[in-house]
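# Understanding the architecture of this molecule
Each chain is listed here by its residues.
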Amino acid sequence: MSDKKNILILGAGYGGVHVAKKLAKKYKKNNNVEITLIDKNPFHTLMTELHEVAGGRVHPESVQIELSKIFARTKVNVVTDLIEKVDTDNKTVKTTNGNYTYDYLVVGTGSEPAFFGVPGVKENGFTLWSFEDAMKIRHHVQKMFKLAAKERNEAKRKEMLTFVVAGSGFTGIEMAGELLEWKTRLAKEHNVDENEVRLMVVEAMGTILNMLDRKQADKAEKYMVKKGMTILKNSPIVEVAPNKIVLKSGEEIETNTLIWTCGIQANEEVKEYGLETARAGRLATNEFMQAVNKEEVFVVGDLNYYEEEEGKGTPQIVEAAIQTGDVIAKNIIALMDKKKDLTKFKSNYHGFMVSIGGKYCVANLAGIKLAGFFAMIMKHLVNLHYLWGVNNVNACYHYLQHEFFSMEDNRCIMRGHLSSKSNRLWLVPLRLYIGVLWLLEGLKKFVGEGTWENHGIKALFNGNMVGGDSWLKAGNIKMPFAWLQTAADSGASASGEATTEFATPILEKMPKFYEAIMQIFIPNPEIAVWFQRIVVITEIGIGLCLIAGLFTFLASGASAFMVCNFVLSAMAGWDILWFFFGSIALMGGAGRTFGLDYYVMPWINKIAGNWWLGKRVPVYKQK
């Protein structure tokens, strides 16, 4: 490929990010291909998790992944800017601060809430379709409880403490589920009677969660009602005022909080792109995900409208965004390689799942119907699988932190068992003690057990004493492995003083699988001596690291591993097991208190982060 090609991707949603990563991997070493991703935000928003922020379950940053981290060390040029004009005739895109030309364009600017002409919704209701929306809801709900705590007028207080979610799709039910759990914390914080808090889901249709089968949807409904949620079905909203909503039946519900989740449509700006539109303003595409009559323009994610079956457009879900993105990446590559055969879109959706707070979930995955604990586990695994693809270990680590290890109010399936906090000060004595024991154990092997017993630490300062029965001396086979003893007995270097006595071992003999492994790594006496030297150095290293509180996590892990090794080698008695459990305890950050890890680990994290994820650059300095 000799001509330079520019690929321009608009929108850093699920689909846009996926296409960018696929193309960046393909053209990693091709300097003739430029890939530019433009979005108004410097981060990728996990739209399916916005309800957790709006409902006060997780910290706001948990649903944001910086684009600079996602595309660090790739050729994708990330631009944070507002898109002002897309000219598909002249193949140009104008932003507030720049102009871009393209050979191939991927449009993934997403969708926005649809209000269906209901008066007052836009002015008086809240939507949940962006990070900013989630934060507005979060702050508003907190404000309502704060004001209600001082309001003596019962009618006004009732308005403040009535929260209505309009729509019973995934977004609406998940938002309602968060409020179900959050109300207890808020009532306690602001000294409000929890019994006065009213939570409602208002749905125009006769059923809820219509993308799930009825059995699963009924389980979700039963759970919510049991927890105190009022669900009004066949109740279309016809008007929204600042302090009430009006239903088609004429019933009025007095409330200061309406969260509207009744549907979405294409962004208004899409009308100006010069592309053919379809239902709800979405962009019509062919089976190759190309915009109609524009083979160099592709549409990904919620904006894409393609009917695999008559009357059924591409669903606006994450899996559809990813799968349309896969097809687009393949077809751009094919066009760049001047191939005639393009990949047709064929959906392969694996199911749906909806969480109701952090403790309950219903799911239908590839025909397997789950509810409760196992459904929630699957939801977390699906999220982790996606995050691994976006930003591998870093994204998964932060997800586990937010969803499990830093979770407040027991709002996850593990309740508070994984997020309980304790002062690490109490681990310091244990760290020092185990460190000293490992150090002495290593020094004892260094000079030899018999020498150490007779002369103690003095042997370290007398070179003549070191070596007689040391683990380091050639010919001293200290490990009681049958194949080593046989080989040593036949050699001239074998001696009686090389024998070591061990405590009555936990295992009478090595398990067959471990014996096979040991015979591979330690096949003869010569290598055995080198292995013994590694053991001595490791024990002394573990001891010094634990005493200094340096690399404590790794040293503790090595300590636990050494115990397992000695036990499986039939060389250790029951008395060594407490080393294992003590080491596991020390892995909880014991070196961060009165240890060098307090200084060293932040420095290493900074250096490693700048190298692996790239140094953070202010948006105004980005090219």
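Criteria and thresholds
- Counting from 1, residues in each chain are numbered in the order their sequence is written.
- pLDDT decides what is reported in this predicted model: residues at 70 or higher carry local features, side-chain atom pairs at 80 or more are listed and counted, and totals for whole chains, interfaces and linings draw on all residues regardless.
- Side-chain calculation: all heavy atoms of the structure are included, whereas hydrogens and water are not.
- UniProt positions are given in the numbering used here, feature names are shortened, and annotations may be inferred rather than shown by experiment.
- Disulfide assignment relies on a single distance test, namely cysteine sulfur atoms paired within 2.5 Å.
- Here the term buried applies to any residue with accessible area under 20% of the maximum for its type, exposed to any over 50%, and partly exposed to those in between, with areas from a 1.4 Å probe on protein chains only.
- Runs of E in the DSSP output that reach at least two residues are strands. Runs of H or I that reach at least four are helices, and both are numbered from the N terminus.
- Should any heavy atoms of two residues lie within 4.5 Å, those residues are considered in contact.
- Between the rings of Phe, Tyr and Trp (Trp by its six-membered ring), a pair exists once the centres lie within 6.5 Å; its type follows the angle of the planes, with under 30 degrees stacked, over 60 edge-to-face, and the other angles tilted.
- Only when the NZ atom of a Lys or the CZ atom of an Arg is both within 6 Å of the ring centre and within 35 degrees of the ring normal do we say a charge sits over the ring.

The protein is annotated in an unreviewed UniProt entry as NADH:ubiquinone reductase (non-electrogenic) from Clostridium paraputrificum. UniProt, in its Catalytic activity (unreviewed entry) section for the protein, records the words "a quinone + NADH + H(+) = a quinol + NAD(+)".

Think of a disulfide as a covalent bridge from one cysteine sulfur atom to another cysteine sulfur atom. A complete count under the given rule lists zero disulfides for this structure. There is no disulfide at Cys412, and the cysteine sulfur nearest it, in Cys361, is 14 Å away. The structure places no disulfide on Cys545, whose sulfur is separated from the nearest cysteine sulfur, that of Cys564, by 19 Å. Looking at Cys545, the relative accessible area reads 22%, which means it is partly exposed.

Let's shift gears to the side chain of His51. Tracing the chain through its elements places His51 in helix 2 (residues 50-54). Leave out the neighbours within four places in its chain, and His51 touches Arg57, Leu128, Glu174, Met175, Glu178 and Ser355.

Before going further, it helps to examine the packing of aromatic side chains. Under the definition given, this model contains 15 aromatic pairs. Measuring from ring centre to ring centre gives 5.2 Å for Trp438 and Phe579, while their planes differ by 75°; the resulting arrangement is edge-to-face. Of the two residues, Trp438 sits in helix 11 (residues 428-447) while Phe579 sits in helix 17 (residues 577-586), which places them 141 residues apart along the sequence. The two residues Trp438 and Phe579 agree in class, both being buried. Judged by relative accessible area, Phe579 falls into the buried class, the value being 13%. A connected cluster of aromatic rings, assembled from ring pairs, spans Tyr433, Trp438, Trp578 and Phe579. For the cation-ring pair, Lys445 lies above Trp471, with the distance from its terminal atom to the ring centre recorded as 5.0 Å. In this arrangement the basic side chain of Arg533 is found over the ring face of Trp530, its NZ or CZ atom lying 4.4 Å from the centre.

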